[in-house]
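Summary of the model geometry
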Amino acid sequence: MPVEVLKGTLQGFKTSLPNRLQKVDLKHLRLGCNCANKYFQGAVVISYPLTRLENGKAFFKIVLQESENSSSRTDTINMLLFGKLAEDSEKVVHQGDTLVVAGFSLTKSASEDGRHCCQLEMSDETGSTIYICPKSPCTAAASETVSISVAPKYTYTPLNHLKGGTVVNLYGAVKFFKPPYVSKGTDYCSVVTIVDQSDTKLVCTLFNANRDALPKIYKNGDIVRFHRIKVQEFNGQMQGVTSNGFAALTFDGTVGAPVVPRTTSKLFTFTEEDKKTVEDLRIWVASNSSNSVPAANLSSIQPQMFFDLTCQLVGKAKVDGASYLLKVWDGTKCPFPSWKVLVKEDDLEGDSVLINQLKNLTVDVVVYDNHVQLAKSLKVGNFIRMYSLHAKTQSPEGKPDVSYVQFHLHGGTGYGRGITVLPENHTDVKKLKAFLDSLDLRKYAGSEIPSAEPEDSYLTLGSCLEAYQELSVTVLTDHQHFDVTAVNTILNSRIPQQYRIRAKLRRFEPKKLHQSIKLLCPQCNLLQEVPDVTEFDTLLQASATRPNPDSQNIPFCESVVWDIESQGSRYVAVHFVTRYELLQEPEDSLIMIEGGTLRDILRLSKKFKGIIPVRSVEDNLVLLDLSVPFFWQGNIQYYGCQRCSDPKAVASLSALAVQQNASWEPTTIAEALGIVLLQYVFVMKFTLDDGTGTLDAYLVDAENFFQIPASEVLTSNIFQEDMERIMNKLCPTGRNPDGLPWLECFIKSYYVKNGREEQLSYQIFDTMIAEDV
DNA sequence: GTTTAGGGTTAG
């Protein structure tokens, strides 16, 4: 009987209320206070017309005044009624009536109207009850005895009494859980295993389109209450699944902690009996606890462990489609060196000043696959918990004594892998916040870079960095957020890493420019010397056989054969590749040549777009041996990797010959012929010195570092002069070392096999010479 | 109205 009009006096009625119901005053109504056993009494000062919500539900609003003699707005409170209760009340409530209400929930007032900061919410679904004492009492006889049921009586089934095909209400302690994740269907999914005093386990598979409707479990041992969960048999075991009207409450499992349900629902019942059930379960859990995954902080991690980490997000960045970087800290220092994941400066989200400040306390966590979506949605500053995080120790091959740790949240949801955002009012968050606030960050701050005070704006730091870089003759093309590391620190580390350094170029090798140009296979990384073209004359001659007249009819070529009688019986065949069966202008034409000498080829390569030396094998034209250049263009010879190429017959060029937009560029031709093109690169050793130590770093670069193409430098006077000027600026001969310019460089360390030994080497990357040099 | 997952580590 949710709404009842009293026939007797209010006093008389109140004596019939159960003892456990206590009157509560407006001043004691606060958010979070347990109102299960409270009633409130007030007079109706306003009653609004009945309306309907968007979902069709009836809605009725009343303003109640606590004290009859007061006219202050602060003495009034809004009461919101929903559903059938709203409809029923609206018929019988009048202005001036006194109401006694119980079974309400208390929420933050939705309107800023100067009334009480909370509002009372009631609906018959949650067992709310309203007693109305009319302003003009009925003249009927004495009051009847009224019995109140504040809440509908829910019964809870012990887990050892479950039967398939039933819908029940359950209480249990969480033994295992997967935080809500996006399922492959349309809903969020959370798998929760609960256990109760009967020591029976139940795996519950919960789905809901609304993440907040799933239980807000943050750790094993939390207590849950499920209403309307369906029990069914699966694989010979009972299983719980969400059914219509499923609702969950979650409680902290700590003995003695306030019994406050976690839910986003505004309407739920919660009785003294519920409280007792939670408290009983807490005590049972405490004495039957089985330690599962440890919750660790960064300072207590062990190599190879999986653990739950509670931390704050400081920065985030995409790594690639399948992984995402989270920079987090928990205020403790990881005892092992940990990896730093290289991302583009522009991709790193977060306060760069703070990221820099905390760099020695944060760790880089890479999350994969299904976790990327959630990771992206996190806000910098969020307090999060990552479950089953993997602290993976890595040692370079053959170096078990040196190790560093990588943090991975691997893909999948096995073992509860996942991330949750913890609410700011969670006990663990409050504790962590207090701890983080208590830290003296200066103790951990790095000292290599001019430190910015927290009140400095990002702009100030930016311009400060600019001034700092002004003196450098190099420019970093990415990762500007990296801090400078001292050379001796780098030398002392045995971990493959990436660093930013600031140093001077003491010396470099080789001194002669032509010695610094090599050929690099981008696939197998083999470096080789650039051959001397004059060596090829014999090779080219040796392949010069009398062209086979049968092979001269090539579909995409116009061919001519020259007899060169002045040189004995030498024959040269030239095949002009046609485009759409048409000859092109010589400067656009690709030609293939059989039996040409080095002189012929060099001469022709100045006139034509490109030349491919070939020979006849039976009826086919094939490339020569890959020890000679397969393609000649202007002054440049292009080579294929003898290991990685899989040369095809020249006929495979026909596909290019019919393409309208195909160009006779070395890369295109190489690809069509199955050739892995060798790259011309500068290979130099720079001895870099920053005052704390010197290290030798290799430069292997095609054109980015000097902004000069290595392929052309040997045939261009202008490029050679540029190179000379640059090297003279970086490392002038006979200059006092103090006068040398600064170079800011990225270098990475990596292990190379040197015989049976592994040796740490350093290479320069993402760095270029400043334009004005 | 159905499907999702149905606990038991990635292999980066």
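Residues numbered from 1 in each chain as written. Chains lettered and ligands numbered in written order. Predicted model: local features only at pLDDT ≥ 70, side-chain atom pairs only at ≥ 80, totals over all residues. Heavy atoms only, no water.

- The name given to chain A in an unreviewed UniProt entry is Protection of telomeres protein 1, with Eublepharis macularius as the source organism.
- UniProt, in its Sequence similarities (unreviewed entry) section for chain A, records the words "Belongs to the telombin family." (UniProt positions renumbered as here; feature names shortened; annotations may be inferred.)

**Some points on the side chain of D196**
- Position of D196 relative to the elements: it lies in the loop between β13 (188–195) and β14 (201–208).
- At 2.5 Å, the side chain of D196 forms a polar contact with the side chain of S198.
- Apart from residues no more than four positions distant in its own chain, D196 is found in contact with P158, L159, Y171, L281 and W284. (Helix = DSSP H or I, 4+ residues; strand = E, 2+ residues; numbered from the N terminus. Polar contact = N/O pair within 3.5 Å; in protein donor to acceptor, adjacent residues only side chain to side chain. Contact = heavy atoms within 4.5 Å.)

**Some details on the protein's contact with DNA strand B**
- Neighbouring residues of DNA strand B: 28 residues in total, closest K178, Q239, S388, H410 and R417.
- Within 4 Å of the protein, the contacting atoms of DNA strand B are 37% sugar and phosphate, with bases supplying the remainder.
- With respect to DNA strand B, the backbone of K184 contributes an N or O atom lying 3.3 Å from a phosphate oxygen.
- With respect to DNA strand B, the backbone of G185 contributes an N or O atom lying 3.4 Å from a sugar or linking oxygen.
- Broken down by class, the residue content of the surface near DNA strand B amounts to nine nonpolar, 12 polar and seven charged. (Near = heavy atom within 4 Å. Nonpolar A, V, L, I, M, F, W, Y, C, P; charged D, E, K, R; others polar.)

**Concerning helix α6 (residues 427–438)**
- End to end, α6 covers 17 Å across 12 residues, agreeing with the expected 16 Å (1.5 Å per residue, within 8%).
- Among the residues of α6, those classed as buried are D428, V429, L432 and L436. All buried residues of α6 lie within an arc of 95° about the axis, which places them on one face of the element. Exposed residues lying more than 90 degrees from the buried face of α6 are K430, K431, D437 and S438.
- Next to the buried residues of α6 lie β17 (306–320), β18 (323–329) and β20 (383–394). (Expected span 1.5 Å × (residues − 1). Buried < 20%, exposed > 50% of the residue type's maximum accessible area, 1.4 Å probe, protein only. Arc of directions from axis to C-beta.)

**Here's the deal with helix α5 (residues 370–377)**
- Buried within α5 are the following residues: H371, V372, L374 and A375.
- Here the buried face of α5 lies against β17, β18, β19 (363–368), β21 (404–409) and β22 (418–421).

**Re unusual backbone geometry**
- The residue after E509, namely P510, is reached through a cis peptide bond having omega -5°.
- Note that P510 resides in the loop between β24 (498–509) and α9 (513–516).
- If you check the backbone angles, N235 has positive phi at about 50° while not being a glycine.
- By the secondary structure assignment, N235 is in the loop between β15 (223–234) and β16 (237–251).
- Despite not being glycine, N525 has its phi angle at roughly 65°, a positive value.
- By the secondary structure assignment, N525 is in the loop between β25 (517–520) and β26 (527–529).

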